[in-house]
Amino acid sequence: MKKGNIILVTVVLLIIAGLVTLLLVEGNKPGQYDTLAQCITDSGAKFYGAWWCPHCQAQKAMFGKSAHLLPYIECQTPDSKQNSTCNDAQIEGYPTWQFPNPIVITSDTDPTVCKPGDSGADAPAACQQSPMQYRTGWIFAGMPKVISTADPVHQGNTWTFPAGSRVTGETPLDFLSQQTGCPIN
């Protein structure tokens, strides 16, 4: 083998070895949101979703490598029927987050309230687009929709929903942090 070919093969092997080492080292590093995701799980929160739901995939993507630590509950069977776990929990949309502690929302505007059955022409437009079957929904501008079986306590611009209430839709990390008391990092 010529000296030039030996040098080329050696350089290529060193590059490959370096890339493999880099992948192994990076693959073993914790995800950016491991602490947040584990804390959310430890808080007792639940994250209901479906394999086909793009909003659920986007919610998981917010956590990057840390998504595997989330308290995710798959609601759909392979034939796209909702499973009994989510039926029993009366999950109406995806993604849905349920929190064991009260949900606190601060808003300068009153929400649109959607009651079960509010889907006819007389219902607010937001309720027609997002009909409620089991629970009442409160839609705040720029916030996830809150779903609850009981009315919130409203003082000033603060709305406090009872423990066990839910939010549905893609939910920002800072909102999840606030509702669970978990630091973002």
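Small disclaimer: the values here were computed from a predicted structure and weren't measured. (Residues numbered from 1 in each chain as written. Predicted model: local features only at pLDDT ≥ 70, side-chain atom pairs only at ≥ 80, totals over all residues. Heavy atoms only, no water.)

Q: Give a description of the pairing of strand S9 (residues 158–161) that names residues and reports values.
A: In regular strands, side chains alternate between the two faces of the sheet. Alternating positions in S9 separate cleanly, Trp159 and Phe161 being buried on one face and Thr158 and Thr160 remaining unburied on the opposite face. Bridging between strand S8 (residues 153–155) and S9 involves three bridges; their strand directions are antiparallel. Among the inter-strand pairings, Val153 is bridged to a residue of S9, identified as Thr160. Two successive antiparallel strands, S8 and S9, enclose a turn made up of two residues, where Gly156 displays a positive phi of approximately 60°. (Buried < 20%, exposed > 50% of the residue type's maximum accessible area, 1.4 Å probe, protein only. Helix = DSSP H or I, 4+ residues; strand = E, 2+ residues; numbered from the N terminus. Pairing = 2+ DSSP bridges.)

Q: Can you break down helix H6 (residues 173–180) residue by residue, with the values?
A: Among the eight residues in H6, six count as buried, and that is most of the element. Buried residues along H6 sit in contact with helix H2 (34–43), helix H3 (54–62), strand S3 (96–98), strand S4 (103–106) and strand S10 (166–168). Gly181, located one to two residues past H6, shows a positive phi value of around 75°. (Contact = heavy atoms within 4.5 Å.)

Q: Break down the sheet that holds S9 for me, with residues and values.
A: The strand order S4-S9-S8 describes an open sheet built from three strands, whose pairing is antiparallel. Whereas interior strands pair on both sides, the edge strands pair on one side only; in this sheet they are S4 and S8. Neighbouring strand axes in the sheet, compared pairwise and without regard to direction, differ in orientation by 15° on average. Direction of pairing for S4 relative to S9: antiparallel, over a ladder of four bridges. If you follow Ile103 over to S9, its bridge partner there is Phe161. (Axes fitted to C-alpha atoms, helices over the stretch in contact; angles between N-to-C directions.)

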